[in-house]
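# Chains, contacts and geometry: an overview
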Amino acid sequence: MPKIEVASHAGACFGVGRALERVEKILDGPAAVHTLGPLIHNPATVESLERRGATVVDESSIEDLHPGDVLVLRTHGVVPQVVNRAKAAHLQVLDATCPYVKKVHHAAQRLAASGRQVVVVGEAGHPEVDGILGHAPGACVVGSAEDAAAVPLERPIGLVVQTTQNRQLLEAVVAALKGRGANVEVCDTICEATSERQQAARELAARANTMVVIGGRNSANTTRLAEICAAHTATHHIEDAQELDPAWFSGAELIGITAGASTPSSQIKQVVETVAQMTGAQEVETESQVSGT
Ligand code: F3S
């Protein structure tokens, strides 16, 4: 009989789980709730929050909201000016910034205050990186070891990392800066949730005949999981159970399932149940199927 196995680390990370919980708690309250951008990169969850009254707004409409409304800040964090604008518009701010992202903000602030040139290793233009830059004016973003060549070295360097970056990139950037003779203080602010999910996906994909990866197509960490799995076996990236096709599982003995850090456990469960119905496969229990960091 075919088997289904969910990766030992899969689905909503600590920060996403915490943000969802906090928003769900206030949805039935008296104040209108708005999230500054989609709360997570997961269309099904965002739609379900919208059905329950949480509207998605962007920064340009902060001043158009009604005083007393709740503005939810996402796990990615924001620049301090956004909080100031929300307060000036008499909104209630629910700050769901992941505590690990806050740690990056504090590290960047401390390094800037100590006179260092702050370098953020990460993806330019990503909302988390923009939020970090807002906490350390004058900081620069480095997305590759090659970019490190352009970092000014008049002052010692203080380096922080976007939480979802991989450690190889961090090491390559540090080596490139040190190769230029820089004095570098490194704050390794990488969140292990990403690497744990990647490692577990790699391990499962190496054994499975078919992998299903669940998560938004707009979720960078889910897309990366799908790429890792595809290097080992036939892989299908889906957003929800309706996209599953029984033909994918024909002849498969082990069907592996994993999910990005924005995928709630309820969606993983739904996919497992649907695959089981389609194939008659049974789920193999693993130690920790949904874990945060
Ligand atoms: Fe936070 Fe790490 Fe998730 S930084 S939002 S726990 S991926």
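It should be emphasised that the depicted structure is a prediction, and the values quoted were computed from it without experimental measurement. (Residues numbered from 1 in each chain as written. Predicted model: local features only at pLDDT ≥ 70, side-chain atom pairs only at ≥ 80, totals over all residues. Heavy atoms only, no water.)

### So, the nonpolar core
Inclusion rule: For the purposes of this section, nonpolar cores are sets of buried Ala, Val, Leu, Ile, Met, Phe, Trp, Tyr and Cys residues that join through side-chain atoms within 4.5 Å. Between buried and exposed lies partly exposed: a residue is buried under 20% and exposed over 50% of the maximum accessible area for its type, with that area taken using a 1.4 Å probe on protein chains only. Numbered from the N terminus, helices here are DSSP runs of H or I no shorter than four residues, and strands are runs of E no shorter than two. The contact rule is simple, with two residues in contact once any of their heavy atoms fall within 4.5 Å.
Ranked by size, the top nonpolar core spans 30 residues in total, and within it Val212, Ile214, Leu244, Ile257, Ile268, Val271 and Val275 carry the most contacts. Mapped onto this core, the elements with two or more residues apiece are strand E1 (3-6), helix H7 (192-205), strand E10 (210-214), helix H8 (220-230), strand E12 (254-259) and helix H9 (265-279). Not counting chain neighbours up to four residues away, the residues in contact with Val212 comprise His236, Ile238, Leu244, Phe249, Gly256, Ile257, Thr258 and Val271.

### Thoughts on the domain arrangement of the protein
Where the parts come together, the accessible area they lose is often given as the size of the interface. As a reminder, the rule being used: Domain boundaries shown here were taken from an automatic or database domain assignment. Each of two parts loses accessible area, computed with a 1.4 Å probe, when they are put together; buried area is these two losses added. Any carboxyl oxygen of Asp or Glu that lies within 4 Å of a side-chain nitrogen of Lys or Arg is treated as forming a salt bridge with it. Here a polar contact is recorded for every N or O atom pair within 3.5 Å, except that within protein the pair must consist of a potential hydrogen donor and a potential acceptor, and residues adjacent in sequence are included only if both atoms are side-chain atoms. Classes in brief: Ala, Val, Leu, Ile, Met, Phe, Trp, Tyr, Cys and Pro nonpolar; Asp, Glu, Lys and Arg charged; the others, Gly included, polar.
In terms of domains, the protein is made up of domain 1 (3-12 + 192-283), domain 2 (14-98) and domain 3 (100-186). Placing the centre of domain 1 and that of domain 2 at their C-alpha centroids yields a distance of 29 Å. Taken together, the contact between domain 1 and domain 2 spans 10 residues of the former and 10 residues of the latter. The contact between domain 1 and domain 2 buries some 750 Å² in all, and 51% of this surface belongs to carbon and sulfur atoms. Linking domain 1 with domain 2 are zero salt bridges. The interface formed by domain 1 and domain 2 contains three residue pairs in polar contact (both at pLDDT 80 or more). Of the residues contributing to the side of domain 1 that touches domain 2, the split by class is three nonpolar, six polar and one charged.

### Description of the site of the ligand
Operational definition: Here a residue counts as near a molecule or strand whenever at least one of its heavy atoms sits within 4 Å of it.
The environment of the ligand is made up of Cys13, Gly15, Cys98, Tyr100, Thr163 and Cys191. The residue inventory of the shell around the ligand, partitioned by class, reads four nonpolar, two polar and no charged.

### Quick notes on helix H2 (residues 43-51)
Inclusion rule: The arc refers to the directions leading from the helix axis to the C-beta atoms.
For H2, the complete set of buried residues consists of Thr45, Val46 and Leu49. Projected onto a plane normal to the axis of H2, the buried residues spread over an arc of 100 degrees and lie on a single side. The elements touched by buried residues of H2 are helix H1 (14-26), strand E3 (54-57) and H9. In the stretch just after H2, Gly53 is the one whose phi turns positive, near 105 degrees.

### Considerations on unusual backbone geometry
Despite not being glycine, His90 shows a phi value in the positive range, around 60 degrees. Secondary-structure assignment places His90 in the loop between helix H3 (80-88) and strand E5 (92-95). The class of His90 is exposed, set by a relative accessible area of 57%.

### Section: the UniProt feature "binding site: isopentenyl diphosphate" (unreviewed entry) in the protein
Note the following rule: UniProt positions are given in the numbering used here, feature names are shortened, and annotations may be inferred rather than shown by experiment.
In this structure's numbering, the residues bearing the UniProt feature "binding site: isopentenyl diphosphate" (unreviewed entry) are His41, His76, His126, Ser219, Asn221 and Ser262. Mapped onto the elements, His41 comes out in the loop between strand E2 (33-36) and H2. For His41, a relative accessible area of 24% corresponds to the partly exposed category. Setting aside anything within four residues of it in sequence, one finds His41 in contact with His76, Gly216, Asn218, Ser219 and Ser262. Among residues more than four places away in sequence, those in contact with Asn221 are Gly260, Ala261 and Ser262.

### A word on the side chain of His126
By the secondary structure assignment, His126 is in the loop between strand E6 (117-121) and helix H5 (127-135). Leave out the neighbours within four places in its chain, and His126 touches His76 and Gln162.

### A look at the environment of Ile40
Considering the arrangement of structural elements, one finds Ile40 in the loop between E2 and H2. Residues Ile40 and Gln117, 77 residues apart in the sequence, show an inter-C-alpha distance of 31 Å. The contact partners of Ile40, leaving out residues within four places of it in the chain, are Val16, Leu20, Thr45, Val46 and Ser262.

### Quick word on the packing of H7 against H8
Applicable threshold: Interaxial angle, 0 to 180 degrees, is taken between N-to-C directions of lines fitted to C-alpha atoms, where a helix line uses only the stretch in contact. Oblique is the label for every angle not falling under 35 degrees (roughly parallel), over 145 degrees (roughly antiparallel), or within 65 to 115 degrees (roughly perpendicular). It is the rotation of the near helix from the far one that decides the hand of a crossing: anticlockwise by less than a right angle makes it left-handed, clockwise makes it right-handed.
Packing of H7 against H8 leaves a shortest axis separation of 8 Å and a crossing angle of 30 degrees. When the axes of H7 and H8 are compared, the pair comes out roughly parallel. Note that H7 runs across H8; the crossing there is right-handed. Counting all contacts with H7, which are made through Arg197, Gln198, Ala201, Arg202 and Ala205, the residues of H8 involved are Arg224, Leu225, Ile228 and Cys229. In terms of residue class, the contact of H7 with H8 is made up of five nonpolar, one polar and three charged.

### A few points about the side chain of Gln117
Here Gln117 shows up in strand E6. Excluding residues within four positions of it along the chain, Gln117 makes contact with Gly138, Ala139, Cys140, Pro152, Arg155, Pro156, Ile157 and Gly158.

### Some points on the pairing of E1
How we decide: At least two DSSP bridges between two strands are required for those strands to pair.
Here E1 runs beside E12; their pairing, made up of four bridges, is parallel. Bridging across to E12, Lys3 finds its partner in Leu254. Looking at chain direction, E1 and strand E13 (residues 282-284) are connected through three bridges and run parallel. If you follow Glu5 over to E13, its bridge partner there is Val284.

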